[in-house]
Amino acid sequence: MRERVLGYREAEAAIRKATDAARELPKLVNRISLTTALGRVLAEPLRADRDQPPFARSTRDGFAVRAEDLPGPLKVVGQLRAGEMWRDRVLGAGEAVEIMTGAAVPEGANAVAMAEHVELGGDTVRLMTGRRLAAGENVVPRGAEACAGDLLVDAGTRLEPAQISAAAVAGYAEVEVYARTRVAILATGDELIEVAEKPKLAEIRNSNSYSLAAQVEAMGAEPVRLPIVADELEATEQAIRAALACDVVVMTGGVSMGKFDYVEHALERIGAEAVFTGARIQPGKPVVFGRAPHGSERKFFLGLPGNPISTMVTFALFGAPLVAALSGETGWHWPRWTRGRLTAEARGKAGLTRFVPATVEGSIDGVKVTPRVWQGSGDVASAARADGYVVVPEGADRMPTGAEVSVLLIG
Ligand code: AMP
Ligand code: MG
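### Let's talk about the overall build of the protein
Step number 1: When helices and strands are tallied, the protein shows seven helices and 30 strands.
Step number 2: A compact globule built from 411 residues would reach a C-alpha radius of gyration of about 22 Å, whereas the protein, at 29 Å, exceeds it by more than 25%.
Step number 3: Based on the C-alpha atoms only, the size of the protein along its principal axes is roughly 90 × 50 × 40 Å.
Step number 4: Out of the 411 residues in the protein, the part that is buried amounts to 47%.
Step number 5: When contacts within the protein are restricted to residue pairs at least 6 apart in sequence, those whose partners lie at least 24 apart make up 72%.
Step number 6: In the structure as shown, the protein presents an accessible area of about 19,900 Å², 50% of it carried by carbon and sulfur atoms.
Step number 7: With 47 positive and 52 negative side-chain charges, the protein shows a separation of 3 Å between the mean positions of the two kinds.

### A closer look at the nonpolar core
Step number 1: Phe 276, Phe 315 and Phe 318 are the most contacted members of the largest nonpolar core, which totals 55 residues.
Step number 2: The dominant element in this core, judged by the number of residues it contributes, is helix 6 (residues 308–326), at 13 residues.
Step number 3: The residues that make up this core include at least three from each of domain 1 (5–28 + 180–326) and domain 4 (336–409).
Step number 4: Counting residues in hydrophobic clusters, the runner-up holds 21 residues, among them Ala 243, Met 251, Val 255 and Leu 267.

### Here we look at the site of ligand 1
Step number 1: As a structural note, the neighbourhood of ligand 1 is formed by 17 residues, with Glu 191, Asn 206, Asn 208, Gly 254 and Gly 306 the closest of them.
Step number 2: Within the contact set of ligand 1, an oxygen atom lies 2.8 Å away from a backbone nitrogen or oxygen of Gly 306.
Step number 3: The protein chains hide 79% of the 480 Å² of surface that ligand 1 would expose on its own.
Step number 4: Residue classes in the shell around ligand 1 are distributed as five nonpolar, 10 polar and two charged.

### Structural notes on the sheet that holds strand 7 (residues 95–99)
Step number 1: Taken in spatial order, the six strands make up an open sheet running 8-5-7-6-10-9, and their pairing is mixed. Only two strands of the sheet have a single neighbouring strand rather than two, namely strand 8 (111–114) and strand 9 (118–121). Across the sheet, the mean angle separating the axes of adjacent strands is 40 degrees when strand polarity is ignored.
Step number 2: Here strand 6 (residues 74–80) runs beside strand 7; their pairing, made up of four bridges, is parallel.

### Here we look at the pattern of salt bridges
Step number 1: Summed over the entire model, instances satisfying the criterion amount to 22 salt bridges.
Step number 2: Residues Arg 341 and Glu 404 are paired through a salt bridge, measuring 3.9 Å at the closest nitrogen-oxygen approach. In this pair, Arg 341 is assigned in strand 24 (residues 336–342) and Glu 404 in strand 30 (residues 404–409), connecting sequence segments 63 residues apart.
Step number 3: In this structure Arg 341 comes out as partly exposed when scored by relative accessible area, which is 45%.
Step number 4: Measuring nitrogen to oxygen at the nearest pair gives 2.6 Å for the salt bridge that ties Arg 398 to Glu 345. Of this pair, Arg 398 sits in strand 29 (residues 398–399) while Glu 345 sits in the loop between strand 24 and strand 25 (346–347), and the two are 53 residues apart along the sequence.

### Regarding the sheet that holds strand 22 (residues 288–294)
Step number 1: Spatially, six strands are ordered 17-14-18-23-22-19 in an open sheet, and the strand pairing comes out mixed. Two strands lie at the open edges of the sheet, namely strand 17 (222–225) and strand 19 (273–276), each paired on one side alone. Averaged over all neighbouring strand pairs, the angle between strand axes comes to 25 degrees, with direction disregarded.
Step number 2: Bridge count for strand 22 against strand 23 (residues 297–304) is seven bridges, and the pairing is antiparallel. Residue pairing in the sheet places Phe 289 in a bridge with Leu 302 of strand 23.
Step number 3: In the packing of helix 6 onto the sheet, the strands contacted are strand 14 (182–187), strand 18 (248–252), strand 19, strand 22 and strand 23, and the crossing angle to strand 23 comes to about 160 degrees.

### A word on helix 4 (residues 233–243)
Three- or four-residue spacings in an α-helix give side chains the same orientation, since the helix completes a turn every 3.6 residues.
Step number 1: Every buried residue of helix 4 is accounted for by Leu 233, Thr 236, Glu 237, Ala 239, Ile 240 and Ala 243. For helix 4, the arc enclosing every buried residue in end-on projection is 165 degrees, short of the 170-degree limit, so these residues lie on one face.
Step number 2: Residues of helix 4 that are buried sit in contact with strand 14, strand 18 and helix 5 (263–269).

### Section: the side chain of Thr 311
Step number 1: As for its position among the elements, Thr 311 is in helix 6.
Step number 2: For Thr 311, a relative accessible area of 0% corresponds to the buried category.

### Considering the domain arrangement of the protein
Step number 1: Here the protein is described as being made up of domain 1 (5–28 + 180–326), domain 2 (34–51 + 154–178), domain 3 (57–140) and domain 4 (336–409).
Step number 2: On a C-alpha basis, the centroid separation for the pair domain 1 and domain 3 is 63 Å.

### Considering helix 2 (residues 161–169)
Step number 1: Every buried residue of helix 2 is accounted for by Gln 163, Ile 164, Ala 166 and Ala 167. Down the axis of helix 2, the buried side of the element spans an arc of 160 degrees, and every buried residue falls inside it. Counted as exposed and oriented over 90 degrees from the buried face of helix 2: Pro 161, Ala 162 and Val 169.
Step number 2: Contact partners of the buried residues in helix 2: strand 3 (46–47), strand 12 (151–153) and strand 13 (174–178).
Step number 3: A positive phi of about 85 degrees marks Gly 171, the residue just after helix 2.

### Observations concerning the packing of helix 3 (residues 208–218) against helix 6
Step number 1: Axis separation between helix 3 and helix 6 bottoms out at 10 Å; the angle between their running directions is 20 degrees. Here helix 6 runs roughly parallel to helix 3, going by the angle between their axes. Where helix 3 crosses over helix 6, the handedness of that crossing is right-handed. Residue-level inspection shows Asn 208, Ser 211, Leu 212, Gln 215 and Val 216 of helix 3 in contact with helix 6, the latter providing Pro 308, Thr 311, Met 312, Phe 315 and Ala 316.
Step number 2: Per-class residue counts for the contact of helix 3 with helix 6 are six nonpolar, four polar and no charged.

Reading the values: the criteria
- Residues numbered from 1 in each chain as written.
- Chains lettered and ligands numbered in written order.
- Predicted model: local features only at pLDDT ≥ 70, side-chain atom pairs only at ≥ 80, totals over all residues.
- Heavy atoms only, no water.
- Helix = DSSP H or I, 4+ residues; strand = E, 2+ residues; numbered from the N terminus.
- Rg over C-alpha atoms; globule rule 2.2 N^0.38 Å.
- Buried < 20%, exposed > 50% of the residue type's maximum accessible area, 1.4 Å probe, protein only.
- Contact = heavy atoms within 4.5 Å.
- Areas by Shrake-Rupley, 256 points an atom, 1.4 Å probe, with all protein chains shown as cover.
- Lys, Arg positive; Asp, Glu negative; His and termini not counted.
- Charge placed at Lys NZ, Arg CZ, Asp CG, Glu CD.
- Core = buried A, V, L, I, M, F, W, Y, C linked by side-chain atoms within 4.5 Å.
- Domains from an automatic or database assignment.
- Near = heavy atom within 4 Å.
- Polar contact = N/O pair within 3.5 Å; in protein donor to acceptor, adjacent residues only side chain to side chain.
- Nonpolar A, V, L, I, M, F, W, Y, C, P; charged D, E, K, R; others polar.
- Pairing = 2+ DSSP bridges.
- Axes fitted to C-alpha atoms, helices over the stretch in contact; angles between N-to-C directions.
- Salt bridge = Lys/Arg side-chain N within 4 Å of Asp/Glu carboxyl O.
- Arc of directions from axis to C-beta.
- Parallel < 35°, antiparallel > 145°, perpendicular 65-115°, else oblique.
- Left-handed = near helix turned anticlockwise from the far one by under 90°.

Set out below in structure tokens:
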């Protein structure tokens, strides 16, 4: 394949362009229970089935009043619990109704005086001296949040807890979502053995298939773990051809300059075209991305370097946005980033954008980021103690203690 090594930003732009194409591809739709919809992408817009709130809603425990009658004393003429309507009559001048949070404010009333702000006397209530209450306070008018038929959540949105809440409010016991994107995971390497096997000294357990499957599952897609492929051209080509039946093919290993790195060669043999054959990042420099023919279609592929942290970081950077788009998600929500302040310096690498494993601790005052000591892109032990990766941009030889940095979150 013709070599094309891009800077991080160019590689990101190339992936963004590809995701626009991926989003347009036809997609299957499933109708599923709301209880299993977390992390799935909506294929239908969710609309309000009635006004929200459906009645003028009290946001406090207190007394529904006509604000112009205050400070009172007012006569307490009844009590309203959540779920009850005041049907007796329109609230008259000089009257108040005791009301609970979430109950319907009686007709005639225009505000709710908080229980903490009133004094009771027999069957009367009055506003404490020094307190004020304007018309409209502590009342959400009918339809103020949404009117019947209004769009609540658009198609193409991932269902996170807030969207599930909106769906539940509007009565969607089932939702239409896009079918889970099938992601083929293909590990290459003569040294690899299955996780359950006992390795000889020079053998390595195929951990990448598991970390990738976890990353794929975390974004609501379906990992398809395929058998380990030996470092042979013919076997690699056959395995890739079979894997192309999935929506996207993610390979690990075999993309470096080693004598037995056959992935690029095999891709070439099946007529694949690379968008890039490397990115100036560490870890992950040899990452390959492009499209390959499969029958009458063209599928996306990603060849990730085999070192476990390279694999995780490159999937997070380039695989996740692609899978999200193939899954029908609109917008640009992957990778997940945060910003935080460094508690110790993070070193860069000349000519590369670097990703350094770090502990990320958040509080209401901000996010603290502590780079971890690590032995490079094979150091799974260090990665397992980290929550994310500090970015040291290309051109910066270090980010000093106290600097605000971007942090790549994996998962
Ligand atoms: P490669 O990208 O094939 O040159 O591999 C780079 C390093 O990653 C080597 O040390 C490999 O043994 C290791 N490696 C490759 N594939 C895997 C895998 N699936 N799981 C764990 N380690 C791997
Ligand atoms: Mg290899």
